[in-house]
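If you want the building blocks of each chain, they are given just below.
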Amino acid sequence: APGRRRPRCSECSRVFVHGCFWHRHRGCRFATTPSTNAEFWNAKFARNVARDAANEERLKALGWRPLVIWGCETSDADALDALFWQIRACGADGS
């Protein structure tokens, strides 16, 4: 629509903080699989990963920008602060 401003990416981003264990952070030391009842756990994890992928695709189709932060990445306060400011600043050029 004419006169409609382009949204900043911080306004159209959706941030998810995924637990490495439950959402299967590939290559992460926290994404272990319990040795007991492995069939149950593998099926549960597969459903979680499939649901995450479907949700991301739905959001993208609606014009949102999903951003996943993994649980293991949240222990570094400086890195989280930098990420916050990067998300906030990306709207300056509309990207």
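For the structure itself, consult the block above.
Let me sum up the structure you'll find in this document. (Residues numbered from 1 in each chain as written. Predicted model: local features only at pLDDT ≥ 70, side-chain atom pairs only at ≥ 80, totals over all residues. Heavy atoms only, no water.)

1. Some points on the overall build of the protein
Broken down by element type, the protein carries 4 helices and 2 strands. The helix and strand sequence of the protein, counted from the amino end, reads α-β-α-α-β-α. Of all 95 residues assigned to the protein, the portion counted as buried reaches 24%. For the protein, the proportion of contacts with a sequence separation of at least 24, taken over those separated by at least 6, is 62%. Surface summary for the protein: the accessible area is close to 7,000 Å², and the carbon and sulfur share equals 55%. (Helix = DSSP H or I, 4+ residues; strand = E, 2+ residues; numbered from the N terminus. Buried < 20%, exposed > 50% of the residue type's maximum accessible area, 1.4 Å probe, protein only. Contact = heavy atoms within 4.5 Å. Areas by Shrake-Rupley, 256 points an atom, 1.4 Å probe, with all protein chains shown as cover.)

2. Description of the environment of cysteine 20
Residue placement: cysteine 20 occurs in helix H2 (residues 20–23). Those residues in contact with cysteine 20 that lie beyond four places of it in its chain are His25, Cys28, Phe30, Ala31, Trp70, Gly71 and Cys72.

3. Examining the packing of aromatic side chains
Within the structure shown, the criterion is met by 8 aromatic pairs. Ring centres of phenylalanine 21 and phenylalanine 45 lie 5.1 Å apart, and the angle between their planes is 85°; on these two criteria the pair is classed as edge-to-face. Of the two residues, phenylalanine 21 sits in helix H2 while phenylalanine 45 sits in helix H3 (residues 38–61), which places them 24 residues apart along the sequence. The exposure class assigned to phenylalanine 21 is partly exposed, which follows from its relative accessible area of 22%. (Phe/Tyr/Trp six-rings, centres within 6.5 Å; stacked < 30°, edge-to-face > 60°.)

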